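Descriptive structure summary
What follows is the residue order along each chain.
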Amino acid sequence: MKKKFMTSLLCIAMTATMLTGCGGTDSGNQAEPASESVSDTDADAEKGADEVADTVSETVDVNSDIKATVFWYDESDVYLSSVRTALNQELDALGIQYDNQFAANNQSTQLDQIKTAIAGGSNLLIVNVVTSGAPDTAEDIISVAGDIPVIFFNRAIGTDGDDVTVLTDHANACFIGTDAPEAGHMQGKMVGEYLIANYDDVDINGDGVITYALMKGDEANIEAIYRTQYGVEDANAVLTGEGKSELKYFDDNNSDHYQVDTDGAWSAKAAKEYMNTNLVAYNESNGNMIELVICNNDGMAEGVVAALQDKGYNKDGGHVVPVFGVDATENAKALIADGAMTGTVKQDAEGMAAAIAQSVQGISQGKAPADALAALNDSRFSISSDCGSKLFVAYAPYTGE
């Protein structure tokens, strides 16, 4: 049975290389950009999960010889822990054998784990790469995998089209993630619109300029790069469009205009330490208080809020320094409900898990990865316009309303 399954995959991969490919063709299933309210997004997620359950209950034809291994860059990432919980449930419902492996943010460890899993009989690899945006890393993994299908997810495998080249060259691989710039654009627009509506309250010293701090999750991560860029650029576009001054970074000596988690962990701990240090010199008493904080993820936003609350801000009816994140984790949503955090961008953990699981289902039925993606029919998903082997899960703004 297993030999027959792998042989069919080889044939499909050869056919897909000739017929599918990536590059300028849209494979269909193109969803409209995410613009619905969060309540609508949550409802869609619940509906999507119900549809998956209904499909499974109708006795899905899943190859019983599938043995999948899911490789996570780290176990502590809050957003990915939500994806993992949802994905475990999805794979359990499908009756897929699977195992989870954690690389502790070490790419060499992850590659060794992949080799060990293959030696142990794994015949489907689901990989959240440690080194994001590096096509050489993806190539190394595909080379080790040989003819075994690889689903990369969440963390980009290339930048500036490098990922398309990787996927074009290897019909046994696909990518499921998000359109990296989208979160930055949404966050920037959200920040700008909030400031226009609340400008005088945010501008503590009344000088007509909002000073900001920015917490970057990882220096090389493509999502962090775009969120850092567009979270500010798009906010400035809204501000200047309404006749306001652009944002001003709080520290003139920092030419990067951000503070990065040097461990690449996007952690609350790093952000809290940065913010505690910032507030020693940049505060109301000195007339140079940081008036806004933009964070690449909700974990870092939580750390910033904790530091502000230690100084009496963002709680108990005191002054609120607006803090924005990305992910819409449960902790962030609770902080927003309490008025301690201002907004975030929902990264759909359940949608990510559903897309992966449904692709696993398609591959288990003999489809090539690109064909498995093309067969998905869900308003949360869209095939990339530049590659039929790349699927995006939509973002949505979240302010608790």
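1. Re the overall build of the chain
- What the chain contains, in helices and strands, is 14 helices and 14 strands.
- Expressed as a percentage of the 401 residues in the chain, the buried residues total 55%.
- Counting only contacts in the chain whose residues sit at least 6 apart along the sequence, the fraction spanning at least 24 positions is 75%.
- Taken as a whole, the chain presents about 16,300 Å² of accessible surface, with 46% of it coming from carbon and sulfur.

2. Examining helix H3 (residues 78-94)
- Here H3 is 17 residues long and its end C-alpha atoms lie 25 Å apart, about the 24 Å a rise of 1.5 Å per residue gives.
- Within H3 the residues assigned to the buried category are Tyr79, Leu80, Val83, Arg84, Ala86, Leu87, Asn88, Glu90, Leu91 and Leu94.
- Sitting at the amino-terminal end of H3 is Asp77, which places a side-chain oxygen 3.1 Å from the backbone nitrogen of Tyr79.
- Gly95 sits one or two residues past H3 and shows a positive phi near 75 degrees.

3. Structural notes on the sheet that holds strand E12 (residues 381-383)
- Spatial strand order, E2-E1-E3-E4-E5-E13-E12: 7 strands in an open sheet with mixed pairing. A strand with exactly one partner marks an edge of an open sheet, and here the two such strands are strand E2 (97-102) and E12. Strand-to-strand twist in this sheet, taken as the mean axis angle between neighbours without regard to direction, amounts to 20 degrees.
- Relative to strand E4 (residues 150-153), strand E3 (residues 124-127) is paired through 3 bridges, and the arrangement is parallel. If you follow Leu125 over to E4, its bridge partner there is Val150.
- Where helix H4 (residues 107-119) meets the sheet, its contacts fall on strand E1 (67-72), E2 and E3, and the angle it forms with E1 comes to roughly 170 degrees.

4. Side note on the environment of Ile176
- Along the chain, the position of Ile176 falls in strand E5 (residues 173-177).
- The spacing of Ile176 and Phe392 is 216 residues in sequence and 6.0 Å in space, taken between C-alpha atoms.
- Those residues in contact with Ile176, other than ones at most four positions away along the chain, are Ile151, Phe152, Phe153, Asn154, Met352, Ala355, Ile356, Ser359, Leu373, Leu391 and Val393.

5. What to know about the packing of H3 against helix H13 (residues 349-364)
- For the pair H3 and H13, interaxial distance at closest approach is 8 Å and the crossing angle is 35 degrees. For H3 against H13, the interelement crossing comes out right-handed. Of the residues in H13, those in contact with Tyr79, Ser82, Val83, Ala86, Leu87, Glu90, Leu91 and Leu94 of H3 are Ala349, Glu350, Met352, Ala353, Ala354, Ile356, Ala357, Val360 and Gln361.
- For the contact of H3 with H13, the residue count by class is 13 nonpolar, 2 polar and 2 charged.

6. Quick notes on unusual backbone geometry
- Look at Asn105: it is not a glycine, yet its phi comes out positive at around 60 degrees.
- Relative accessible area serves as the criterion here: at 29%, Asn105 is assigned to the partly exposed category.
- Of note, Asn314 is a non-glycine position whose phi angle comes to about 60 degrees, a positive value.
- Within the element layout of this structure, Asn314 appears in the loop between helix H11 (298-310) and strand E10 (323-324).

7. Details of a negative patch on the surface
- A surface patch of negative charge is lined by Asp136, Asp140, Asp160 and Asp162.
- Judged by relative accessible area, Asp162 falls into the partly exposed class, the value being 34%.

8. A word on the packing of aromatic side chains
- Enumeration over the complete set of coordinates arrives at 6 aromatic pairs.
- A centroid spacing of 5.8 Å and a plane angle of 10 degrees characterise the contact between Tyr226 and Tyr230, whose relative ring orientation is stacked. Highlighted residues: Tyr226 and Tyr230, both in helix H9 (residues 222-241), separated by 4 residues, approximately one helical turn.
- Centre to centre, the rings of Tyr249 and Phe250 are 4.8 Å apart; their planes meet at 45 degrees, and the pair counts as tilted. Assigned by exposure class, Tyr249 and Phe250 land together as buried.
- The ring of Trp72 carries the charged tip of Arg84 above its face, separated from the ring centre by 5.0 Å.
- Above the ring of Tyr199, the side-chain terminus of Lys244 is found at 4.4 Å from the ring centroid.

9. Focus: the confidence of the model for the chain
- Here the chain shows a mean pLDDT of 87. Residues at 70 or above account for 84%.
- Low pLDDT, under 50, characterises residues 1-21; the stretch is placed with 28 contacts to residues that sit more than four places away or in other chains.
- Scored below 50 in pLDDT, residues 23-60 shows 54 contacts in the model against residues more than four places distant or in partner chains.

Procedures and definitions
Residues numbered from 1 in each chain as written. Predicted model: local features only at pLDDT ≥ 70, side-chain atom pairs only at ≥ 80, totals over all residues. Heavy atoms only, no water. Helix = DSSP H or I, 4+ residues; strand = E, 2+ residues; numbered from the N terminus. Buried < 20%, exposed > 50% of the residue type's maximum accessible area, 1.4 Å probe, protein only. Contact = heavy atoms within 4.5 Å. Areas by Shrake-Rupley, 256 points an atom, 1.4 Å probe, with all protein chains shown as cover. Expected span 1.5 Å × (residues − 1). Polar contact = N/O pair within 3.5 Å; in protein donor to acceptor, adjacent residues only side chain to side chain. Pairing = 2+ DSSP bridges. Axes fitted to C-alpha atoms, helices over the stretch in contact; angles between N-to-C directions. Left-handed = near helix turned anticlockwise from the far one by under 90°. Nonpolar A, V, L, I, M, F, W, Y, C, P; charged D, E, K, R; others polar. Patch = residues over 30% accessible without salt bridge, like charges linked within 9 Å, V, L, I, M, F, W, Y side chains within 5 Å. Salt bridge = Lys/Arg side-chain N within 4 Å of Asp/Glu carboxyl O. Lys, Arg positive; Asp, Glu negative; His and termini not counted. Charge placed at Lys NZ, Arg CZ, Asp CG, Glu CD. Phe/Tyr/Trp six-rings, centres within 6.5 Å; stacked < 30°, edge-to-face > 60°. Lys NZ or Arg CZ within 6 Å of the ring centre and 35° of its normal. pLDDT = per-residue confidence, 0-100.

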